Amino acid sequence: MPLKVVVELQIHAVTCPGVFLPEKDDIFLNISILGQQKETGCLPAIFPLLFHEKMRFEKVFHKAVDPAELAQSLENHTTRFELIQLTHSVGDILAVFEENTRQFLFPEPKLTPAYPGVDREVLMKTVNGFRGIAPKVEFSTRTTIKEKSNDYQKKTLAAKPHIRRSDSNPKKSTREKGPNKSFHSPTKSSISRSPSPCARRCVNELNKDIQQQPGRLNLV
């Protein structure tokens with residue numbers, strides 16, 4: 001069955017000791033994980049930036065049926081943090097952190113971390129024009145991997161009652177009872193084969209002629 005990855009991310013803070021930004025416009029974090037992008041709220045441009053926000057990212061890997069294939073798929077995805085200041089309409093990127101998603105979610109050399117959900121921190125890379133040391137992001141992650149078999153079974157079971165209801169269609173049951181009624185009441189075809197009143201009158205007259213014919217012979 002396909003595997004589903006759910007990432008619960010909690011951003012604690014962005015620290016940058018001793019750095020004062022010349023621009024005073026608000027700052028936020030833009031985060032991309034598993035192909036989904038989410039943003040934190042905006043804070044004044046004063047370090048440390050205390051976000052304390054929770055986010056949830058999830059993705060179904062339809063071609064990954066075992067942990068080895070999933071690990072390979074995660075290596076093809078990129079996790080990216082962007083520290084953006086709203087100095088222009090689209091914002092200016094102050095610092096960036098980028099890493100393949102497998103290394104980001106499982107920094108140890110195995111798929112299951114030793115202590116899930118422990119606090120972590122990564123050092124960002126500043127862009128040209130940023131003065132001072134690089135900002136550091138403090139966060140926590142919790143990653144869950146599960147199969148989609150339960151959802152598939154629920155959909156299958158939900159579809160079966162619909163099929164059974166179609167079998168008990170009242171119109172179909174009425175059609176099935178039709179042949180039984182034919183033994184007790186004449187069908188349209190049998191009614192159409194019965195003689196008409198005109199035909200019956202002709203037959204009666206013919207019978208009278210036959211009955212009177214011997215008498216006529218005796219009189220001759």
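Residues numbered from 1 in each chain as written. Predicted model: local features only at pLDDT ≥ 70, side-chain atom pairs only at ≥ 80, totals over all residues. Heavy atoms only, no water.

Of regular secondary structure, the protein chain possesses six helices and nine strands. Considering only contacts in the protein chain between residues 6 or more positions apart, those separated by 24 or more positions represent 63%. Accessible area of the protein chain: about 15,300 Å², with a carbon and sulfur share of 54%. (Helix = DSSP H or I, 4+ residues; strand = E, 2+ residues; numbered from the N terminus. Contact = heavy atoms within 4.5 Å. Areas by Shrake-Rupley, 256 points an atom, 1.4 Å probe, with all protein chains shown as cover.)

For the protein chain, mean pLDDT is 77; residues scoring 70 or higher make up 63% of the total. This model gives residues 170–194 a pLDDT under 50, and the stretch forms three contacts once residues within four places in sequence are excluded. Counted against residues more than four places away or in other chains, residues 212–220, with its pLDDT under 50, gives zero contacts. (pLDDT = per-residue confidence, 0-100.)

Right, let's get into the sheet that holds strand 2 (residues 27–33). On the basis of which strands lie adjacent, the open sheet formed by five strands has the order 3-2-5-6-8 and antiparallel pairing. Two strands bound the open sheet, and with one partner strand each, they are strand 3 (36–39) and strand 8 (125–126). Direction of pairing for strand 2 relative to strand 5 (residues 78–85): antiparallel, over a ladder of six bridges. The residue bridging F28 from the neighbouring strand is I84, located in strand 5. (Pairing = 2+ DSSP bridges.)

Our next topic: the nonpolar core. Among the nonpolar cores identified, the biggest contains 37 residues, and I11, L29, I31, F81, L83 and V137 are the most heavily contacted of them. Where this core is concerned, the elements lending two or more residues are strand 1 (3–15), strand 2, strand 4 (49–61), helix 1 (67–75), strand 5, strand 6 (92–100), helix 2 (101–105) and strand 9 (136–147). Broken down by element, the residue count for this core peaks at six residues, all from strand 1. Beyond its immediate chain neighbours, meaning those up to four positions away, V137 contacts I11, A13, V14, L29, F81, R120, E121, V122 and M124. (Core = buried A, V, L, I, M, F, W, Y, C linked by side-chain atoms within 4.5 Å. Buried < 20%, exposed > 50% of the residue type's maximum accessible area, 1.4 Å probe, protein only.)

So, on to the pairing of strand 5. Consecutive side chains along a regular strand alternate between the two faces of the sheet. Most of strand 5 is tucked away, with six of its eight residues classed as buried. Where strand 5 and strand 6 come together, eight bridges link them in antiparallel fashion. Within strand 6, the position partnered with T78 by the bridge is N100. Counting the residues in the hairpin turn of strand 5 and strand 6 gives six residues, including G91, whose phi is positive at 90 degrees.

Here we take up unusual backbone geometry. That bond from F47 to P48 is cis: its omega, 0 degrees, falls within 30 degrees of zero. Note on placement: P48 falls in the loop between strand 3 and strand 4. The backbone phi angle of L34 is positive, close to 55 degrees, even though this residue is not glycine. Structurally, the position occupied by L34 is in the loop between strand 2 and strand 3. Despite not being glycine, H52 has its phi angle at roughly 50 degrees, a positive value. Checked against the element boundaries, H52 lands in strand 4. Taking the relative accessible area as the measure of exposure, H52 reaches 53% and is therefore exposed.

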